[in-house]
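Analysis of the macromolecular model
Okay, here's what each chain looks like letter by letter:
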Amino acid sequence: MTAIETSRPRRSMGLFNNIKFFVLCHGMLQLAQLLVSGYLKGSITTIERRYGFSSQMSGLLAAFNEVGNTVLIVFVSFFGSRLHRPRCIGIGAMIASMGVFLIALPHFIGGEYKYTGFNSNTKDNSSGLCQSQNISSEEVFNQKCYKNKNGTLVYPIFLLGQLLLGIGGVPIQPFGISYIDDFAEKRSSPFYLGILFAVTVIGPAFGYMMSSALLRFFVDVEKMSSDKILLKNDDPRWVGAWWLGFLIAATLLLLTSLPYLFFPKKISREEIEETPAESSTEKIMEDKKPGTDTMEEVSLTEFLKSFPKIIRRTLRNPIYLLVVLAQVNLAAMVAGLATFMGKFVEKQFAQTASFSNMMMGGINIPSAMLGIMAGGVILRKLGLTVRSSAAMCTVAVFLSIMFAIPLLFIGCPTQNISGINVIDSQQCSNACSCSEEAFNPVCGSNGVEFRSPCHAGCKILLSNTDKVLNYTDCGCVASTGPPGFASPGPCENSCINRLIPFMILSSITCFVASLSHTTSFMMILRTVTPEDKSFALGIQFMLFRVLAFLPAPVLYGRAIDSACIKWGKKCNKTTSCQYYDLDLFRHRFLGLQIFFIFGGFVCFCLSYMVLRRIESTQQQNEKINNQIKNESSQEMKDTKQMQQNEKINNQIKSESSQEMKDAKQMVNNSSGRCNTNGP
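Residues numbered from 1 in each chain as written. Predicted model: local features only at pLDDT ≥ 70, side-chain atom pairs only at ≥ 80, totals over all residues. Heavy atoms only, no water.

A word on the overall build of the protein. In terms of helices and strands, the protein carries 21 helices and 7 strands. For the protein, with 679 residues in total, the buried portion stands at 49%. Restricting the contact set of the protein to residue pairs at least 6 apart, pairs at least 24 apart contribute 81%. As displayed, the protein has an accessible area near 32,700 Å², and 60% of this comes from carbon and sulfur atoms. (Helix = DSSP H or I, 4+ residues; strand = E, 2+ residues; numbered from the N terminus. Buried < 20%, exposed > 50% of the residue type's maximum accessible area, 1.4 Å probe, protein only. Contact = heavy atoms within 4.5 Å. Areas by Shrake-Rupley, 256 points an atom, 1.4 Å probe, with all protein chains shown as cover.)

So, in structure tokens, the structure goes:
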């Protein structure tokens with residue numbers, strides 16, 4: 001590249017030749033990308049209720065974007081330094097926006113949301129009162145199921161949209177991180193990455209907050225007038241406008257992808273003001289760094305042939321492997337909590353989906369963001385070595401375990417539910433011809449919750465215009481004495497005061513654990529060779545997806561489903577869970593969190609021990625080398641002294657020989673004179 005070519009992009013687009021502007025654009029793009037992720041996880045319980053998914057199906061849906069991401073990310077990351085990274089990021093973001101638009105499609109191809117009590121009439125006893133005559137509603141339900149056959153296409157459409165979102169998101173994070181690390185000044189790189197990670201955490205926070213706002217609107221808000229919407233957002237049958245946020249997020253993702261089309265392949269590197277002393281571990285890696293030009297041009301065939309060798313070389317780095325495994329454990333914990341923490345708060349403390357998402361977006365995620373930023377500042381201010389970084393990560397994760405354990409004991413007991421954990425009143429509703437698919441919870445005057453007014457044996461409804469005030473003459477509410485009454489909606493939770501200490505401890509746990517985020521990433525970047533940097537990041541994110549982001553939500557969903565004590569039914573098929581054993585829910589859900597945090601602690605602790613051994617070995621080698629140098633220096637001094645002594649001796653011998661010659665000459669001269677003066 002000539003000097004004219006290098007100066008041209010600076011004159012034509014100086015703003016796009018600035019690494020700080022790239023950090024800003026990349027933060028905005030990941031903000032939009034993770035806005036989708038946060039919004040999906042904030043809407044997961046609403047989507048479950050709308051389409052009858054189990055938690056395991058919801059977990060698979062939330063994680064399915066990782067399927068398209070897993071295989072491609074390794075190859076894309078390997079060619080990262082050879083491709084036009086900013087342009088690849090922009091094109092990938094456009095593909096991702098198409099996937100998000102597709103996720104919102106099921107709302108527009110499906111019909112109106114039908115819930116128990118919707119357009120009820122005398123022939124449909126699904127949510128009505130207890131009636132003594134035996135009215136069969138099978139025919140009505142079969143007609144509804146026949147009309148809603150297109151609902152079977154919903155789940156594949158969701159999966160396809162998530163697949164496109166994952167494929168489009170392949171180049172965004174690894175290309176962005178390696179691009180910043182390549183062209184940013186070494187001391188500023190941790191700070192930039194800390195800002196970037198913190199900004200990307202804001203994305204899910206905005207997603208949760210947006211879901212909190214939009215789920216207050218009814219799902220069919222554009223199809224129905226407000227006077228026809230009879231449900232309130234605290235009703236367990238309520239479904240919010242989940243689709244609206246995906247349209248907004250897809251538009252933002254498309255707009256933030258456009259600036260990447262104008263960034264050059266390479267930009268001018270920041271000026272290095274002062275290079276700090278490198279740690280001993282970094283020196284070891286520096287000695288192993290060959291020239292980066294040797295792998296500048298590699299074909300796909302050559303890459304496939306060398307792929308196993310490169311993987312072995314990367315995974316044989318013990319620091320890299322241990323730190324990545326620690327991050328995998330923490331990523332699995334985050335993936336499960338981000339997907340189902342809103343549902344946990346909603347079910348455990350009897351809150352609405354909107355309020356639960358507000359708690360996630362307003363408390364937990366900002367705490368994690370502050371932890372990430374604090375970790376980056378500590379790393380920059382203290383100039384931590386790789387070994388010191390490992391010690392910091394170990395301590396932070398250990399403290400997070402200490403704060404997470406008390407969460408197992410903060411929660412609410414399972415409410416009293418007729419026919420589930422209260423059996424006395426189960427038989428009295430058999431004569432009421434109640435549908436097994438009905439779900440319209442009411443709370444009896446005896447403190448027991450019933451699945452519907454019919455299951456409570458209620459025969460009289462008191463209403464004011466369109467609002468149900470009360471149900472009376474409920475034969476199943478009181479086992480003795482006159483019939484009781486029931487109020488619409490589930491029974492109130494008596495332990496809501498435990499929500500505040502739970503959220504405080506949870507946010508502290510997030511903050512302390514997040515201190516290790518930026519620090520652990522910099523450990524990886526400083527312990528791999530330059531030509532393997534993009535590939536190492538690709539392997540890292542692939543392991544994230546294979547071992548954390550993909551299986552963790554499914555595992556958490558499976559654990560949640562195992563705590564279900566009453567499944568819903570629709571069209572003779574099992575749908576989403578209606579009631580959980582809350583103690584079992586809490587212990588299994590938070591138990592998985594502590595298990596993954598402990599796994600991260602073990603890996604960080606092992607990495608610290610390995611680094612200490614490496615540095616100890618290096619110090620011993622340096623000591624031995626210094627001894628050898630000292631001995632060699634002493635030998636050289638002795639040799640030099642011997643040479644000087646020998647030279648002096650030779651000089652003395654030479655002088656002595658000369659004196660003897662002179663004396664002999666004098667003797668000869670004297671003897672000649674004597675002969676001359678003779679006779």
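From this point, things continue past the structure.
This next bit is on a nonpolar patch on the surface. Among the surface-exposed residues, L72, I91, I95, I167, I248, L252, L255, L258, L261 and F262 lie close enough to one another that they form a single nonpolar patch of about 790 Å² accessible area. Looking at the nonpolar patch, the elements with two or more residues in it are α6 (85-103) and α12 (242-257). For the nonpolar patch, the element with the most residues is α12, which contributes 3 residues. Judged by relative accessible area, which is 37%, L258 ranks as partly exposed. (Patch = residues over 30% accessible without salt bridge, like charges linked within 9 Å, V, L, I, M, F, W, Y side chains within 5 Å. Salt bridge = Lys/Arg side-chain N within 4 Å of Asp/Glu carboxyl O.)

Bringing the packing of aromatic side chains into the picture now. Scanning the entire structure with this criterion turns up 28 aromatic pairs. Both rings, one in F22 and one in Y260, keep their centres 5.8 Å apart while their planes meet at 80 degrees; by these two values the pair is edge-to-face. Within this pair, whereas F22 is found in helix α2 (residues 19-42), its partner Y260 is found in the loop between α12 and α13 (280-287), the two being separated by 238 residues in sequence. Here F22 falls in the buried class, since its relative accessible area comes to 0%. Summarising the aromatic geometry, the rings of Y556 and F589 are spaced 5.5 Å apart at their centres and angled 75 degrees between planes, so their arrangement reads as edge-to-face. In this pair, Y556 is assigned in helix α20 (residues 551-561) and F589 in helix α21 (residues 582-676), connecting sequence segments 33 residues apart. (Phe/Tyr/Trp six-rings, centres within 6.5 Å; stacked < 30°, edge-to-face > 60°.)

The next subject is the state of the cysteines. Summed over the entire model, instances satisfying the criterion amount to 4 disulfides. Covalent S-S linkage joins C443 and C491, the inter-sulfur distance amounting to 2.1 Å. Because the torsion about its S-S bond is 100 degrees, the bridge between C443 and C491 counts as right-handed. Of this pair, C443 sits in strand β1 (residues 442-444) while C491 is found in the loop between β5 (484-488) and α18 (499-525), placing the two residues 48 residues apart along the sequence. (Disulfide = S-S within 2.5 Å.)

Here the focus is the packing of α6 against helix α10 (residues 172-183). Taken N-terminus to C-terminus, the directions of α6 and α10 make an angle of 155 degrees; their axes are 9 Å apart at the nearest point. Relative to α10, the element α6 is oriented roughly antiparallel. For the element pair α6 and α10, the recorded crossing hand is left-handed. On α10, the residues touching R85, P86, C88, I89 and A93 of α6 are I172, F175, G176, S178, Y179, D182 and F183. Residue classes in the contact of α6 with α10 are distributed as 8 nonpolar, 2 polar and 2 charged. (Axes fitted to C-alpha atoms, helices over the stretch in contact; angles between N-to-C directions. Parallel < 35°, antiparallel > 145°, perpendicular 65-115°, else oblique. Left-handed = near helix turned anticlockwise from the far one by under 90°. Nonpolar A, V, L, I, M, F, W, Y, C, P; charged D, E, K, R; others polar.)

Okay, unusual backbone geometry next. Of note, A350 is a non-glycine position whose phi angle comes to about 55 degrees, a positive value. Of note in the backbone geometry, D473 takes a positive phi value of approximately 55 degrees without being a glycine. Following the sequence through the fold, D473 ends up in strand β4 (residues 467-474). D473 gets classed as partly exposed once you look at its relative accessible area, which sits at 31%.

Between helix α4 (residues 55-63) and α20, whose axes approach to 7 Å, the crossing angle comes to 170 degrees. With respect to their mutual orientation, α4 and α20 come out roughly antiparallel. In this structure, the crossing between α4 and α20 has a hand that is right-handed. Taking contact as the criterion, the partners of S55, Q56, G59, L60 and A63 in α4 are, on α20, P553, V554, G557, R558, I560 and D561.

The subject of this paragraph is the pairing of strand β6 (residues 564-570). Across 5 bridges, the pairing between β6 and strand β7 (residues 573-580) is antiparallel. Looking at β7, one finds that W567 is bridged to C577. Between β6 and β7, which pair antiparallel and follow one another directly, the connecting turn spans 2 residues, one of which, C571, has a positive phi of 55 degrees. (Pairing = 2+ DSSP bridges.)

Quick look at the pattern of salt bridges now. Should the charged atoms of two oppositely charged side chains come close, the side chains can pair. Counted by the stated rule, this structure contains 6 salt bridges. Across the pair E66 and R545 runs a salt bridge, and its minimum N-O distance is 3.0 Å. Taken together, the residues span a long stretch of sequence, with E66 in helix α5 (residues 65-78) and R545 in helix α19 (residues 533-549) at a distance of 479 residues. The same class applies to E66 as to R545, namely buried.

As for its placement among the helices and strands, Y51 is situated in helix α3 (residues 44-51). A C-alpha to C-alpha distance of 8.4 Å links Y51 and S576, two positions 525 residues apart in sequence. Leaving out residues up to four positions away in the same chain, Y51 has contacts with P106, H107, V154, F158 and W242.

On to the environment of N329, then. Within the secondary structure, N329 is located in helix α15 (residues 318-348). Owing to a relative accessible area of 16%, N329 belongs among the buried residues under this scheme. Distance from N329 to G599, taken between C-alpha atoms, is 5.9 Å for residues 270 residues apart in sequence.

Here the focus is α15. Here α15 is 31 residues long and its end C-alpha atoms lie 42 Å apart, about the 45 Å a rise of 1.5 Å per residue gives. The sharpest bend along α15 reaches about 50 degrees and sits at F340. Here α15 lies mainly inside the structure; 26 of its 31 residues are buried. The N-cap residue of α15 is N317: its side-chain oxygen and the backbone nitrogen of I319 are 3.2 Å apart. Looking one or two places after α15, you find A350, whose phi comes out positive at around 55 degrees. (Expected span 1.5 Å × (residues − 1). Bend = angle between axes of the 7 residues up to and from the residue. Polar contact = N/O pair within 3.5 Å; in protein donor to acceptor, adjacent residues only side chain to side chain.)

A few words now on the confidence of the model for the protein. Of all residues in the protein, 81% attain a pLDDT of 70 or more, and the chain-wide mean is 78. Here helix α1 (residues 3-12) is the element of the protein with the lowest mean pLDDT, 42, and α20 is the one with the highest, 92. Ignoring residues within four places in sequence, the model shows residues 1-12, a span with pLDDT below 50, making 4 contacts including any to other chains. When the criterion is pLDDT under 50, residues 135-143 qualifies, and its contacts beyond four places in sequence or with other chains add up to 8 contacts. (pLDDT = per-residue confidence, 0-100.)

Relative to the helices and strands, T46 resides in helix α3. Not counting residues up to four positions away in its chain, the partners in contact with T46 are L215, V239, G240, W242 and A353.

Right, let's talk about the nonpolar core for a bit. With 134 residues, the main nonpolar core has W242, F246 and F589 as its most contacted residues. It is α15 that contributes the most residues to this core, 17 residues altogether. In this structure, V442, F450, A456 and C474 belong to the second largest nonpolar core, which totals 12 residues. (Core = buried A, V, L, I, M, F, W, Y, C linked by side-chain atoms within 4.5 Å.)

Structurally, the position occupied by T519 is in helix α18. Looking at T519, the relative accessible area reads 0%, which means it is buried. A polar side-chain atom of T519 sits 3.4 Å from the main-chain carbonyl oxygen of L515. Among residues more than four places away in sequence, those in contact with T519 are G375, L379, S389, M392 and C393.

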